[in-house]
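Structural features, examined
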Amino acid sequence: MKKIELLAPAGDLERLKIAFTYGADAVYIGGEIFGMRSAAKNFTIEEMKEGVEFAHNLGKQVFVTINIIPRSEELEQLPPYLLQLQEIGVDAVIVSDAGVFSIVKKTIPNMEVHISTQASTSNSVAAKFWYEQGAQRVVTARELSFDEIRSIRDNVPEDMDIEAFVHGAMCMSYSGKCVISNYTTGRDANRGACAQPCRWKYNLVKENENGEYEEVINGIDSSFFFNSKDLCMIEYIPQLIECGITSFKIEGRMKTALYVATVARTYRKAIDDCMESPEKYHANMPWYQEQISNCTYRQFTTGFFYGKPDQNTQIYDNNTYIREYTYLGIVGAVENGLARIEQRNKFSVGETIEIMKPDGSNVEAKVLRILNEDGEEQESAPHSKQVLHVELSETPAQYDLLRRQEEDKEVNS
């Protein structure tokens, strides 16, 4: 059996380092061009280089997305960009467009190529086609069941990797190929600029024979009928392994470092426990369930893994997230008992917060002192991204995350 890879998202260099520290085997990132998340901060070439070096020092990998549907005039930028990716040592590129694939194979023929979920690979014939063109991995369409993925696994070469999304936001359109955003806002989802209009409230009506409008969808309290729940497969690790998936992919390049750390840490432990002993995995299920809810999420679903979902996959009455914890910052250097952080949300002296550690432990700590960069004491940290030096009752380590549990759990998406 191949080793199961945990693949995490990284919207910037900070989140890349957090993803690896909290258990990811590989990350996928976007550059400043050709990626499907144009609103993310994304990586400059220099940041990519630093990220790749960080990963390779840990024996881990970095994959770069070049999975938009490009126009002809954009393609002249692609060969020099690919050569830069090869030079800095990127481990694979993720593509969806056949033209991009062709240019990759001609420009950097030794680069590993993964076929994006946007390519809607839904059967073994399509998967074998990509393999025969030189792809090493296919990311299955999000609409496939366990049985359908197993059928692909059984009918493609053993050395072809099967990657599938196991956690995160779900797109209501087929494998992410949506035109609603482009139609309503002019922002093209297939070119990395989705405005997420599926999360908006709608009223669907039809004109009857009297020229009057009547609602088409009845029996629900509200009209968020495009709004999907979030995928969560933490309770189904054995089934994911059994159907032949070799890379478990987490969605979320736009999400916070707290999200990346929480989800990566939880799936890392679940995968390791399951590979060690199914009994240990099942015994630790309450811990996985508790931990996976400790970051911002919508209600959870198993998506299409058990066949076509029923209407319970949708969230008809709201478009809010559930937030259990607020992200305060990541610990940098720790000197003389003071932890350097770049603050993300307000906290104050005297508060009890939590130190989240890569090993799975969470430690309560009281905020004893807050100092600014000039060494001046302050009672609170109200300014986002302010660099602070914080003394806690429990001393944290580098890459520990600071968070605060919240009573108010609903926030707008």
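Please refer to the structure placed before this passage.
Now for a look at the structure at hand. (Residues numbered from 1 in each chain as written. Predicted model: local features only at pLDDT ≥ 70, side-chain atom pairs only at ≥ 80, totals over all residues. Heavy atoms only, no water.)

1. Remarks on the nonpolar core
Leu16, Ile66, Ile237, Phe248 and Tyr267 are the most contacted members of the largest nonpolar core, which has 84 residues in total. For this core, the element with the highest residue contribution is helix H9 (residues 257–276), accounting for seven residues. When sequence neighbours within four positions are dropped, the list of residues in contact with Tyr267 reads Leu6, Val166, His167, Cys232, Met233, Ile234, Ile237 and Ile292. Within the second largest apolar cluster, 15 residues are counted, among which are Leu328, Ile341, Ala365 and Ile370. (Core = buried A, V, L, I, M, F, W, Y, C linked by side-chain atoms within 4.5 Å. Buried < 20%, exposed > 50% of the residue type's maximum accessible area, 1.4 Å probe, protein only. Helix = DSSP H or I, 4+ residues; strand = E, 2+ residues; numbered from the N terminus. Contact = heavy atoms within 4.5 Å.)

2. Section: the sheet that holds strand S18 (residues 387–392)
To summarise the sheet geometry, strands pair through backbone hydrogen bonds and adopt either a parallel or an antiparallel arrangement. Strands sit in the order S14-S15-S18-S17-S16-S19 around a closed barrel of six strands; the barrel is antiparallel. Direction aside, neighbouring strands of the sheet carry axes that sit 45 degrees apart on average. Bridge analysis of strand S14 (residues 325–335) against strand S15 (residues 338–342) gives three bridges, and the strand direction is antiparallel. Looking across to S15, one finds that Glu335 is bridged to Leu338. Lying over the sheet, H9 contacts S14, strand S16 (352–356), strand S17 (362–371) and strand S19 (401–405), oriented at roughly 95 degrees with respect to S19. (Pairing = 2+ DSSP bridges. Axes fitted to C-alpha atoms, helices over the stretch in contact; angles between N-to-C directions.)

3. A look at the packing of helix H1 (residues 13–21) against helix H2 (residues 45–57)
Across the interface, H1 lies against H2 with an axial gap of 10 Å and an inter-helix angle of 10 degrees. Relative to H2, the element H1 is oriented roughly parallel. Contacts between H1 and H2 pair Leu13, Leu16, Lys17, Phe20 and Thr21 from the former with Glu47, Glu50, Gly51, Phe54 and Ala55 from the latter. By residue class, the composition of the contact of H1 with H2 is five nonpolar, two polar and three charged. (Parallel < 35°, antiparallel > 145°, perpendicular 65-115°, else oblique. Nonpolar A, V, L, I, M, F, W, Y, C, P; charged D, E, K, R; others polar.)

4. Details of H2
In this model, H2 (13 residues) spans 18 Å end to end at C-alpha, consistent with the 18 Å of a helix rising 1.5 Å per residue. On the buried face of H2, the contacting elements are H1, strand S2 (26–30), strand S3 (61–65) and helix H3 (78–88). Residue Gly59 follows H2 closely and has a positive phi angle near 75 degrees. (Expected span 1.5 Å × (residues − 1).)

5. Digging into the pattern of salt bridges
Should their charged atoms come close, side chains of opposite charge can pair. Here the structure, examined in full by the defined rule, presents 24 salt bridges. A salt bridge links Glu342 to Arg344, with the nearest nitrogen and oxygen atoms 2.8 Å apart. Its relative accessible area of 31% is what places Glu342 among the partly exposed residues. Here Arg344 falls in the buried class, since its relative accessible area comes to 19%. (Salt bridge = Lys/Arg side-chain N within 4 Å of Asp/Glu carboxyl O.)

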